[in-house]
Amino acid sequence: MTRAVIVGAGIVGAACAEALTRHGVDVVVVDRNPVGSGTTSRGEGNILVSDKGPGAELALAQLSRRAWLEVGDLLGRERIELEEKGGVVVARTGAGLDSLHAFAEGQRAAGVTALDVADPLALEPHLAPDIPGAVHYPEDMQVQPVLAAAELLAAAVDRGATFRGGLDAHAAVTDSDGSVSGIRAASGEVLEADVVINAAGTWGGEVSERLGAPVPVLPRRGFILVTEPLPPLVRHKVYSADYVDNVGSSDAGLETSCVVEGTRRGTILIGASRERVGFDTSLSVTVVETLARQAVTIFPFLARVNLLRVYRGFRPYCPDHLPVIGPDPRAPGVIHACGHEGAGIGLAAGTARLVSDYVTGGLTATTAGEWAALLPDRFAGLNKEARQQA
Ligand SMILES: Cc1cc2nc3c(=O)[nH]c(=O)nc-3n(C[C@H](O)[C@H](O)[C@H](O)COP(=O)(O)OP(=O)(O)OC[C@H]3O[C@@H](n4cnc5c(N)ncnc54)[C@H](O)[C@@H]3O)c2cc1C
């Protein structure tokens, strides 16, 4: 029986554990912290196709959407708060609407359902009345990330997987031919494995160095504002069209574009900022003010609503904005599943399908096809200094 050690019990590691145990793989998940306590607990729960243009990431988002629906049926949609609520992307200007329509046209050609909306108020009655137009993406969904990670891991454990919390993956154990045959914990304990999966999210860069197969994953900080609980006033995930530009930008400076969504408990989540400031956890009042102001321009009623709290997290950022998924030829036995930046919740279920295929032989680096763009060999030429600056 194949034995896989998964480093990281965030949404990606948990989804990989669930998918691998379906195929009879003997799985051990290790994390130095509790389940879902990394970036998985620090974001929203958007499962989006709407913010991705044609290419490997959109294809993964489409695969992932289907996989999330299956996972929802398996675990119970209510238990993980999986909702097919749809997304509404609003333009703020006529020019913005033209580019939004052009972007949607490209997505439609790639199979995305994107519906032009002449009267956004019909979909979202509390929107600002001067919004010139929008695109409705009925395929966008939402999930509660920590619940989903915990339930995915529990499903894997039910099938025989083991979870080892409080275990820091410190180094790879390598054979004489250079292939990786396990990990050594910081405590010195050795866990043997046929395959080691790097699902360490924002720390995937550090773990990859430890495994001898370095990939550049860096933190990109983001804040979320949480309002007091309200009756349902925001029906979809609603965001401004410039969000797509910010997601795709590599600028290290502060970028903000408004994403607003309601939750089951009545709170409204307002995101999302992006900035590369390392692991700086300090509160930025500028970011909070900017996000709040932008949210009010989309939903004016928010001006009268109290904020309960603000939290922040560190997205696992890769310089080309694509996750790293697949076997690493520099360290045979290592498979990366990290670097999903601001889309790791949405992409987790699809990532788990790919990882499972790589482990069970359904997919190889040679037969990766449309997933080849995600393989780690795209970073093989980067030295350590370049990886840290990327
Ligand atoms: C503000 C914000 C909003 C976001 N909104 C969304 C959204 O709406 N939709 C979406 O799809 N994504 C969103 N994201 C991104 C998403 O949260 C991440 O992409 C996702 O959580 C990454 O999951 P992961 O499992 O790869 O990483 P993590 O959840 O960080 O899990 C990695 C785990 O690895 C463990 N680990 C690290 N190093 C070691 C080691 N050496 N040994 C043992 N364990 C180790 C950590 O303790 C951690 O638990 C958002 C992020 C932020 C910050």
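Model, not experiment: these values are computed from the prediction.

### Brief notes about the sheet that holds strand β19 (residues 334–338)
No. 1: Here 6 strands make up an open sheet; going across it, the order is β8-β2-β1-β12-β19-β18 and the pairing mixed. Strand pairing shows two members of the sheet lacking a second neighbour, β8 (162–165) and β18 (324–327), which therefore form its edges. Within this sheet the neighbouring strands show an average axis-to-axis angle of 20 degrees, counted without direction.
No. 2: Pairing of strand β12 (residues 195–198) with β19, which is carried by 3 bridges, proceeds in the parallel orientation. Paired with Val196 across the two strands is Val334, which belongs to β19.
No. 3: Strand contacts of helix α1 (residues 11–22): β1 (3–7), β2 (26–31), β12 and β19, with the helix running at about 165 degrees to β1, the strand carrying the most contacts.

### Description of the site of the ligand
No. 1: Residues in contact with the ligand amount to 37 residues; listed here are only the nearest, Asp31, Thr40, Asn46, Glu341 and Gly346.
No. 2: A distance of 3.0 Å separates an oxygen atom of the ligand from a polar backbone atom of Val12.
No. 3: At 2.7 Å from an oxygen atom of the ligand is found a main-chain nitrogen or oxygen belonging to Gly346.
No. 4: Bound to the protein, the ligand loses 98% of the 1,000 Å² it would expose on its own.
No. 5: Elements with a contribution of two residues or more to the shell around the ligand: α1, α7 (204–210), β13 (218–227), β17 (307–317) and α10 (344–360).
No. 6: With 4 residues, the top contributor of residues to the shell around the ligand is β17.
No. 7: A per-class count over the shell around the ligand returns 14 nonpolar, 15 polar and 8 charged.
No. 8: For the shell around the ligand, the domains that each give at least three residues are domain 1 (3–74 + 145–216 + 320–389) and domain 2 (87–138 + 218–317).

The rules we used
- Residues numbered from 1 in each chain as written.
- Predicted model: local features only at pLDDT ≥ 70, side-chain atom pairs only at ≥ 80, totals over all residues.
- Heavy atoms only, no water.
- Pairing = 2+ DSSP bridges.
- Helix = DSSP H or I, 4+ residues; strand = E, 2+ residues; numbered from the N terminus.
- Axes fitted to C-alpha atoms, helices over the stretch in contact; angles between N-to-C directions.
- Contact = heavy atoms within 4.5 Å.
- Near = heavy atom within 4 Å.
- Polar contact = N/O pair within 3.5 Å; in protein donor to acceptor, adjacent residues only side chain to side chain.
- Areas by Shrake-Rupley, 256 points an atom, 1.4 Å probe, with all protein chains shown as cover.
- Nonpolar A, V, L, I, M, F, W, Y, C, P; charged D, E, K, R; others polar.
- Domains from an automatic or database assignment.

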